[in-house]
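# Remarks on the overall topology
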Amino acid sequence: MFVVSAPGKVILYGEHAVVYGVPAIAASVSLHMYMFVVDSSDPDVIELDFPEVGLVRKWRRSELPWSSVSEAGKLHQKLDPEVHLALKTLLAPVTDPFENAASHAFLYLYLHLCSESSAGQRFVTRSTLPVGAGLGSSASYSVGLAAALLKLSGKIQDPSTSLSAENLELINGWSFLGESCIHGNPSGIDNIVATRGGAVLYERGAAHGSSKIEPYDSFPPLGLILTNTKVPRQTSQLVSDVGTLKSQLPEIVEPILNAIAAVVSRADGLIRSNCSAEELNESLRELAQINHGLLVSLGVSHPSLERVRQIAHELEIGQTKLTGAGGGGCAITIVDGEVSGKRFNMLKMALGDEFDLFETELGGRGVGMANLSSSFETDQISQLKDARDFHELGNWVYW
Ligand SMILES: Nc1ncnc2c1ncn2[C@@H]1O[C@H](COP(=O)(O)OP(=O)(O)OP(=O)(O)O)[C@@H](O)[C@H]1O
Ligand SMILES: C[C@@](O)(CCO)CC(=O)[O-]
Ligand SMILES: [Mg+2]
């Protein structure tokens, strides 16, 4: 019995454009997805219990489309269309899009990493991240899933003190395929941040394995408030809408993507420079405003996100930008100076109960795993509340 965890992320600059090879800047957040792997009551059955997406499901291993899996597909470079299609057919009766996407990613990785003769297992998730809200919940789920199945199948040996660079590469590669099942066309930025943690400048490469990752050794301690508008949306739909706009109006969309590239390049230069904290904060706020405007012109904002922007502006708290895929979900406000309880409460009161506000630390640890003691009972899972409860479950190993 063991548990794995992976963090969510915020994209500070460059979302959507990153899908088309523009660099983007992202950092992990201190909210995590946890996946528990425990023995199933029936040795022939795999059971999923994912309360955040309302999914409770069981499959006999013999029901799964093992014959569609090829050895070539196991090299995890891109989705194997045959397995993808077999799973679409199997999951056609699952009409809820969240449940369908989570089951699809699970079964795709299970079929490739485990075998028909593996023992029965039960997989239970718990997440302190809002799901489908722009903070990379799909990537933290995919990273946790990849890590859990790689450990279960022995492809990652039980690590004693830390995960190796090879472990990390395997987890990141397989989680990208999990993201591909959920998103269709992920850039890979969310899964790399959920895998390695920290903060990075990421640029998607044209070919598999050619993406560029430039970590930040020290990321500025930005005062950041996260606001969840609680307006549901799906990244797959928003990414596909921007793709459609780009193919219909390339002469308009390409210059917008180039302008986003210039925003990212300027922000990267500033973060790596030794300018004063004040100058950096002011410039990063200005760049957030420009980046948000460019995302609005791509059609990925939402009235609820504009409301957060307007209120934070009226209260002179800082500059607000959508983060992740937009269309609802979360906004980040880069605070003018430090986040004080007073400012946080002012924004919270002005926005009201429709919105959830969080403070988070940027740049924490990536994927982790811990063995559970033999006395651990699955009933305990629903009682775990915060990061400390999860941390105390065992000796965690990280990269
Ligand atoms: N805890 C979880 N358990 C099971 N599935 C999850 C969990 N968290 C996320 N998912 C999967 O991820 C999907 C949501 O991903 P989506 O990419 O739309 O939003 P996001 O990742 O939260 O935001 P963004 O991609 O903008 O950062 C859900 O439909 C579900 O399939
Ligand atoms: C919208 C997008 O750029 C970020 C989602 O967090 C999609 C992606 O990069 O995969
Ligand atoms: Mg996502």
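Nothing here was measured: the structure is a model prediction, and the numbers come from that model. (Residues numbered from 1 in each chain as written. Chains lettered and ligands numbered in written order. Predicted model: local features only at pLDDT ≥ 70, side-chain atom pairs only at ≥ 80, totals over all residues. Heavy atoms only, no water.)

### Topic: the domain arrangement of the protein chain
What counts, and what does not: Domain extents, as shown, originate in an automatic or database domain assignment. What makes two residues a contact is simply this: any of their non-hydrogen atoms within 4.5 Å. The buried area of a pairing is the accessible area, by a 1.4 Å probe, that goes missing from both parts when the two are put together, added over both. By convention in these notes, a salt bridge is any Lys or Arg side-chain nitrogen within 4 Å of a carboxyl oxygen on Asp or Glu. A helix here means a DSSP run of H or I that spans at least four residues, while a strand means a run of E at least two residues long, and both kinds are numbered starting from the N terminus.
The domain architecture assigned to the protein chain consists of domain 1 (2-219 + 365-398) and domain 2 (223-362). Relative to domain 2, the C-alpha centre of domain 1 lies at a distance of 26 Å. Contacts between the two partners involve 35 residues from domain 1 and, on the opposite side, 40 residues from domain 2. Carbon and sulfur atoms make up 68% of the surface buried where domain 1 meets domain 2, a total of about 3000 Å² over both sides. The tally of links between domain 1 and domain 2 comes to two salt bridges. The partner of E214 in a salt bridge is R272, and the shortest N-O contact between them spans 3.9 Å. Mapped by element, the contributors of at least two residues to the side of domain 1 that touches domain 2 are β1 (2-13), β2 (24-39), α2 (97-113), α4 (165-183) and β7 (212-215).

### A closer look at the pairing of strand β6 (residues 199-203)
Stated formally: Burial classes: relative accessible area under 20% of the type maximum marks a residue as buried, over 50% as exposed, and values in between as partly exposed (1.4 Å probe, protein chains only). Note on pairing: DSSP must find at least two bridges between two strands before they are called paired.
Among the five residues in β6, four count as buried, and that is most of the element. Here four bridges tie β2 to β6, and the two strands are oriented antiparallel to one another. Bridge pairing links A26 to V200 in β6. Here β6 runs beside β7; their pairing, made up of four bridges, is antiparallel. Pairing of E203 across the sheet is with K212, part of β7.

### Details of the sheet that holds strand β9 (residues 318-322)
What counts is decided by this rule: Here the axes come from fitting lines to C-alpha atoms, over the contacting stretch only for helices, and the angles between their N-to-C directions go from 0 to 180 degrees.
Pairing is antiparallel across the open sheet formed by four strands, whose spatial order is β9-β10-β8-β11. Every interior strand has two partners, whereas the edge strands, β9 and β11 (356-359), have only one. Adjacent strand axes in the sheet meet at a mean angle of 25 degrees when their direction is disregarded. The pairing of strand β8 (residues 224-228) with β11 spans four bridges and is antiparallel. Within β11, the residue paired with N228 across the bridge is D356.

### A few points about the UniProt feature "domain: GHMP kinase N-terminal" (unreviewed entry) in the protein chain
Under the convention used in this document: UniProt positions are given in the numbering used here, feature names are shortened, and annotations may be inferred rather than shown by experiment.
The residues that UniProt annotates with the feature "domain: GHMP kinase N-terminal" (unreviewed entry) are residues 112-194. In residues 112-194, helix accounts for 52% and strand for 8%; the two terminal C-alpha atoms are 21 Å from one another.

### Notes on the coordination of the magnesium ion (ligand 3)
The expected angle between donors at a tetrahedral four-coordinate metal is 109.5 degrees. At an octahedral six-coordinate metal it is 90 or 180 degrees. Rule in force here: Excluding water, the donors of a metal are its N, O and S neighbours within 2.8 Å, or within 3.2 Å for Na, K and Ca, and that exclusion means sites may look incomplete.
Of the protein atoms, only S138 (OG) and H183 (NE2) coordinate the magnesium ion (ligand 3), at distances of 2.1 to 2.7 Å. Here the residue S138 occupies a position in helix α3 (residues 137-152), and H183 occupies one in helix α4, the gap between them amounting to 45 residues. No difference in accessibility class separates S138 from H183, as the two residues are buried.

### A look at the packing of aromatic side chains
What counts here: Only rings of Phe, Tyr and Trp enter the pairing, Trp through its six-membered ring, and a pair is recorded when the two centres are within 6.5 Å. The plane angle decides the type: under 30 degrees is stacked, over 60 is edge-to-face, the rest tilted.
Applying the stated criterion across every chain, the model contains ten aromatic pairs. Judged by centre distance (5.7 Å) and plane angle (15 degrees), the ring pair of F106 and Y110 falls under stacked. Of the two residues, F106 and Y110 both sit in helix α2, four residues apart, roughly one turn of that helix. Here a set of aromatic residues connected by ring pairs shows up, and it is made of Y34, F36, F376, F390, W396 and Y398.

### Quick word on the confidence of the model for the protein chain
The following threshold applies: Known as pLDDT, the predictor's per-residue confidence is scaled from 0 to 100.
Overall, the predicted model of the protein chain reaches an average pLDDT of 94, with 99% of residues at or above 70. Predicted complex metrics record ipTM = 0.99 and pTM = 0.97.

### Considering the UniProt feature "domain: GHMP kinase C-terminal" (unreviewed entry) in the protein chain
UniProt's entry tags residues 281-338 with the feature "domain: GHMP kinase C-terminal" (unreviewed entry), counted in the numbering of this structure. For the annotated span residues 281-338, helix accounts for 50% and strand for 19% of the residues, and the straight-line distance between the end C-alpha atoms is 10 Å.

### Looking at the packing of α3 against α4
Spelled out, the test is: When an angle is under 35 degrees it counts as roughly parallel; over 145 it counts as roughly antiparallel; between 65 and 115 it counts as roughly perpendicular; any other value is oblique. In a left-handed crossing the near helix is turned counterclockwise from the far helix by less than a right angle, and in a right-handed crossing that turn is clockwise. Residue polarity is assigned by list, with Asp, Glu, Lys and Arg as charged and Ala, Val, Leu, Ile, Met, Phe, Trp, Tyr, Cys and Pro as nonpolar; anything else, Gly included, falls into the polar class.
Their axes nearest at 8 Å, the elements α3 and α4 cross at an angle of 130 degrees. Compared by their axis directions, α3 and α4 come out oblique. At the point where α3 passes α4, the crossing takes the right-handed sense. Side by side, α3 and α4 meet where S138, A139, Y141, S142, V143, A146, A147 and L150 of the first sit next to L170, I171, W174, S175, G178, E179, I182 and H183 of the second. Looking at the contact of α3 with α4 residue by residue, the class counts come to ten nonpolar, five polar and one charged.

### Digging into the pattern of salt bridges
Considering all chains together, one arrives at 15 salt bridges under this definition. With a shortest N-O distance of 3.6 Å, K212 and E203 are connected by a salt bridge. For K212, a relative accessible area of 45% gives the class partly exposed. Here D268 and R272 are joined by a salt bridge, their closest N and O atoms 2.8 Å apart. With D268 and R272 both in helix α7 (residues 250-272) and four residues apart, this pair spans about one turn of that helix. The exposure class assigned to D268 is buried, which follows from its relative accessible area of 14%. With a relative accessible area of 39%, R272 lands in the partly exposed category.

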